[in-house]
Amino acid sequence: MNGSDNAEAAPSRPAAPTRGLILPDFCAARAVLAVVLIVTLTAVVLSVARHAAGLSFWLDLARTALFMLWTGLGSAAALCLLRRPLGTMPLPTAVAVAMGAMLTVIALVSAGVLWLGSNAFLGVRASNLLLPEQPWRFFAANLGIGAIVAALALRYFYVAGEWRRNVELQARARVHALQARIRPHFLFNSMNTIAALTRSNAAQAEEAVQDLADLFRANLNEKRSSITLKEELEVARIYQRIEQLRLGERLHVIWDVTDLPMRAQVPGLLMQPLLENAIYHGIEPRQSGGVVTVSGALDGDVIGLTVRNPLPEAGGEAHSGNRIALDNIRERMELLYPGRSSVEASRVGDEYVVRLRFPHVEDPVRTSSL
Amino acid sequence: MSTASQRVLLVDDEAPARERLRRLLLELGDIEVVGEAANGSEAVRLAGELKPDVCLLDVRMPGMDGLEAARHMALLPTPPAVVFTTAYDTYAIEAFDTQAIGYLLKPVRAEKLQATLQRAARLAGSQLSAIAHVDAARADREPAGRTHVAARLGEQLRLIPVSEVYYFSADQKYTTVRHRHGSELIEDSLRALEEEFATRFVRVHRNALVNIDFLAAVERDAEGQHHVLLRELDERLAVSRRLAGELRERLLR
């Protein structure tokens, strides 16, 4: 069936904040097989339940399964065709459309069965056992059962889709975390600086090696997903100290963070990548250097952190943009604080400003009542 | 200075990096560091003045980077052998030109520095100018184009910031660059310049390319000939009829 290849690409799309109903690909053979199995099993359940009523079990199963296979495969085909629009509609609309499509299929199949019953083109006298006698009851029962089963199925697909999306998000965040780690450029430049310092200023070289070790330890820390804000700011300061040796007078960093709750739990590697970006994109391309300002404030129970850096000089070449660090922070914050954090980057005057906002959470051990 | 020693120009925007290279060169012996520069345009100026044999040129620098500086240096009558130094991004150098003497990875090893300098000494100056004129392939690699254009002034190069160029004009043989501090002849063809600076300059006539930043107005005289007026400049440039409409639209935007 067509469209399945394109549909495969959908999960790699960046997660949009408002998204529709993500359903499995009903165009694919696997999903069709699953539908056949589910439908047949449901038919068995219904037939077994009705067996006491004195109907012939096998006849009942045959007609139930036949009817349900038509509705099941028809619904799968409808959802297959609607998959792409459903993914882009707002959730309530998508649910309504999917339900409508499935109920329409059920109604059409029911109408078909009634038509067969009244025309009896099979040549055999249609027996009461095979075809329904009371059209409106038949219709209502089918639509009622169909609505319940369809609603349950959609709910299941929605939850399963959310779960899968979350797993994907986590996996991607991990990949990005690897990519966002300290730039090789920084590592080798630092090594070069240290090589120069070992002769001219051994004490400073020693200090730089220790700083570099601490920085890499913080970067390689896989286990703890969150650390205190105080620790996080310290990592950023260590980073600044190393860059300071290399850039000298060209780099000035102003820290305005005294109002922040230092015991707050924050995701690791929040500030250092932002500072690295600010220096790489804002200071290094400028011959005269510039000032990076790191400021923070607690606004109610929301922590706001801001990093600002000057734009490259006019006529100068800007380093090609790198949004990996920002995307990575955005994804990790979304995992930790779904819907309650924001990462904004914008040009304000002659500065580039990145603003982070996320909930203030203290040590989870002490505030477990939350 | 002894005639045998190699004369080296050191270029890096980071003071510790220059310091370390200077020390390594000192320890190698028989090498004279004739100058140091912290950016590309300074490096090109010193290369013209001091005529070093070798230029150790950092790739990533603010303002004019090492790749552009090397390109300008190649226009000098006696270009230095360029050896790029870089912390990481060697792909840029490899794409730049295979005929560069080579590159050194920072932190630079003394043995490698020595080997590279010996290789440079073996190469004659004429072979080095082969680095020049890599125009065509560069256009798509550096979307913004060079930061400067170079005009030969006797033995020296004069670097003109592209941001100070009013227009380029061409006659049969030469391309003239009219800029804030006068005008010079350059060797680039108008076609190559148009391609390189496609986002910053606009063709107004078969023989003229105008800096968009200085475009002021388009007017028509009594004979129906269109002219373009430039900011800061009391000159009017003829606009071909075909391009007049396009230019008007551009000004309105």
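All values derive from a computational prediction rather than experimental measurement.

1. Quick word on the overall build of chain A
- Assigned secondary structure in chain A consists of 10 helices and seven strands.
- Counting only residues that meet the buried cut, chain A has 28% of its 370 residues in that class.
- In chain A, the proportion of contacts linking residues at least 24 apart, taken out of those at least 6 apart, comes to 74%.

2. What to know about the overall build of chain B
- When you go through chain B residue by residue, the secondary structure sums to nine helices and 15 strands.
- Restricting the contact set of chain B to residue pairs at least 6 apart, pairs at least 24 apart contribute 56%.

3. Some words on the packing of helix 2 (residues 29-50) of chain A against helix 3 (residues 57-88) of chain A
Residues and elements named next belong to chain A.
- Packing of helix 2 against helix 3 brings their axes to within 8 Å, and their N-to-C directions diverge by 145°. Between helix 2 and helix 3 lies a crossing whose hand is right-handed. Residues Ala31, Val32, Val35, Val36, Val39, Thr40, Thr42, Ala43, Val44, Leu46, Ser47 and Arg50 of helix 2 form the contact with helix 3, whose participating residues are Phe57, Asp60, Leu61, Thr64, Ala65, Met68, Leu69, Gly72, Leu73 and Ala76.
- Looking at the contact of helix 2 with helix 3 residue by residue, the classes come out as 15 nonpolar, five polar and two charged.

4. Brief notes about the sheet that holds strand 4 (residues 290-299) of chain A
Residues and elements named next belong to chain A.
- Spatial ordering of the open sheet is given by 2-4-5-7-6, a layout of five strands whose pairing is mixed. Each having just a single partner strand, strand 2 (251-256) and strand 6 (342-348) make up the two edges of the open sheet. Each neighbouring strand pair of the sheet contributes to a mean axis angle of 15°, computed without reference to strand direction.

5. So, helix 1 (residues 15-28) of chain B
- The terminal C-alpha atoms of helix 1 of chain B, which comprises 14 residues, lie 20 Å apart, in line with the 20 Å expected from a rise of 1.5 Å per residue.
- Buried-residue contacts for helix 1 of chain B involve helix 6 (184-200) and helix 8 (229-247) of chain A together with strand 1 (6-11), strand 2 (31-37), strand 3 (54-58) and helix 5 (110-122) of chain B.
- One or two residues past the end of helix 1 of chain B sits Gly29 of chain B, with phi positive at roughly 80°.

6. What to know about the sheet that holds strand 14 (residues 226-230) of chain B
All names here are of chain B.
- With respect to topology, three strands assemble into an open sheet ordered 13-14-15, the strand pairing being antiparallel. Two strands close off the open sheet at either side, each with one partner strand: strand 13 (215-220) and strand 15 (236-239). Across the sheet, the mean angle from the axis of one strand to that of its neighbour is 30°, orientation sign disregarded.

7. Some thoughts on the environment of Arg246 of chain A
- Mapped onto the fold, Arg246 of chain A is located in helix 8.
- Arg246 of chain A sits 54 residues away from Asn192 of chain A along the chain, and the two C-alpha atoms are 9.0 Å apart.
- For Arg246 of chain A, the contacting residues outside a window of four places in its chain are Asn189 and Thr193 of chain A together with Glu14 and Pro16 of chain B.

8. Considerations on the confidence of the model for chain A
All names here are of chain A.
- Scored by pLDDT, chain A comes out at a mean of 80, with 81% of its residues at no less than 70.
- Ignoring residues within four places in sequence, the model shows residues 1-18, a span with pLDDT below 50, making 13 contacts including any to other chains.
- Confidence drops under pLDDT 50 across residues 366-370; counting only partners more than four residues distant or on other chains, this segment forms one contact.

9. Focus: the interface of chain B and chain A
- Opposite the 20 residues of chain B that make contact, chain A presents 23 residues.
- It is helix 1 of chain B that contributes the most residues to the side of chain B that touches chain A, six residues altogether.
- Split by residue class, the side of chain B that touches chain A holds nine nonpolar, four polar and seven charged.

10. Remarks on the pairing of strand 11 (residues 201-205) of chain B
All names here are of chain B.
- Among the five residues in strand 11, five count as buried, and that is most of the element.
- Summarising the sheet, strand 11 and strand 12 (residues 208-211) pair through four bridges and their orientation is antiparallel. Paired with Arg203 across the bridge in strand 12 is Leu209.
- Between strand 11 and strand 12, which pair antiparallel one after the other, the connecting turn spans two residues.

11. A word on helix 3 (residues 66-73) of chain B
- Counting buried positions along helix 3 of chain B yields eight of eight residues, so the element is predominantly enclosed.
- Buried residues of helix 3 of chain B: Gly66, Leu67, Glu68, Ala69, Ala70, Arg71, His72 and Met73 of chain B, and no others.

12. Here we look at the nonpolar core
- Ranked by size, the top nonpolar core spans 105 residues in total, and within it Leu275 of chain A together with Leu9, Ala43, Cys55, Leu57, Val83 and Val210 of chain B carry the most contacts.
- For this core, the element with the highest residue contribution is helix 8 of chain A, accounting for nine residues.
- The residues touching Val83 of chain B, leaving out its near neighbours within four places in the chain, are Val54, Leu56, Leu57, Ile101, Gly102, Tyr103, Leu104, Thr116 and Ala120 of chain B.
- Of all hydrophobic cores here, the second largest spans 20 residues; its members include Leu23, Ala94, Ala98 and Ala150 of chain A.

13. Details of the packing of helix 6 of chain A against helix 1 of chain B
- Across the interface, helix 6 of chain A lies against helix 1 of chain B with an axial gap of 8 Å and an inter-helix angle of 60°. Classified by the interaxial angle, the pair formed by helix 6 of chain A and helix 1 of chain B is oblique. Here helix 6 of chain A and helix 1 of chain B pass one another in a crossing that is left-handed. Here Asn192, Thr193, Ala195, Ala196, Leu197, Arg199 and Ser200 of chain A of helix 6 of chain A lie close against helix 1 of chain B, whose contacting residues are Pro16, Ala17, Glu19, Arg20 and Arg23 of chain B.
- Here the contact of helix 6 of chain A with helix 1 of chain B is composed, by residue class, of five nonpolar, three polar and four charged.

14. Side note on the confidence of the model for chain B
Residues and elements named next belong to chain B.
- For chain B, the average pLDDT comes to 84, and 86% of its residues sit at 70 or higher.
- Within the model, the stretch residues 129-141 combines pLDDT values under 50 with 16 contacts to residues more than four positions away or in other chains.
- The ipTM for the predicted assembly is 0.71, set against a pTM of 0.64.

15. Some remarks on unusual backbone geometry
Residues and elements named next belong to chain B.
- The step from Lys106 to Pro107 runs through a cis peptide bond, and the omega angle for that step is -5°.
- Structurally, Pro107 can be placed in the loop between strand 5 (102-105) and helix 5.
- Although it is not a glycine, Lys51 adopts a positive phi angle of roughly 45°.
- Along the polypeptide, Lys51 turns up in the loop between helix 2 (40-50) and strand 3.

16. Description of the environment of Leu247 of chain B
Residue and element names in this part refer to chain B.
- Mapping Leu247 onto the fold places it in helix 9 (residues 241-252).
- The sequence separation of Leu247 and Arg203 amounts to 44 residues, and the corresponding C-alpha distance is 8.8 Å.
- With residues near it in sequence (within four places) discarded, Leu247 still touches Val202, Val204, Val218, Val228 and Val239.

17. Digging into the environment of Leu24 of chain B
Residues and elements named next belong to chain B.
- Looking at the secondary structure, you find Leu24 in helix 1.
- Counting along the chain gives 90 residues from Leu24 to Gln114, while the straight-line C-alpha distance between them is 9.2 Å.
- With residues up to four places along the chain from it excluded, the contact list for Leu24 reads Val108, Ala110 and Leu113.

Rules behind the numbers
- Residues numbered from 1 in each chain as written.
- Chains lettered and ligands numbered in written order.
- Predicted model: local features only at pLDDT ≥ 70, side-chain atom pairs only at ≥ 80, totals over all residues.
- Helix = DSSP H or I, 4+ residues; strand = E, 2+ residues; numbered from the N terminus.
- Buried ≥ 20, exposed ≤ 12 C-beta atoms within 10 Å, placed from the backbone.
- Contact = placed C-beta atoms within 7 Å.
- Axes fitted to C-alpha atoms, helices over the stretch in contact; angles between N-to-C directions.
- Left-handed = near helix turned anticlockwise from the far one by under 90°.
- Nonpolar A, V, L, I, M, F, W, Y, C, P; charged D, E, K, R; others polar.
- Pairing = 2+ DSSP bridges.
- Expected span 1.5 Å × (residues − 1).
- pLDDT = per-residue confidence, 0-100.
- Core = buried A, V, L, I, M, F, W, Y, C linked by C-beta atoms within 7 Å.
- Parallel < 35°, antiparallel > 145°, perpendicular 65-115°, else oblique.

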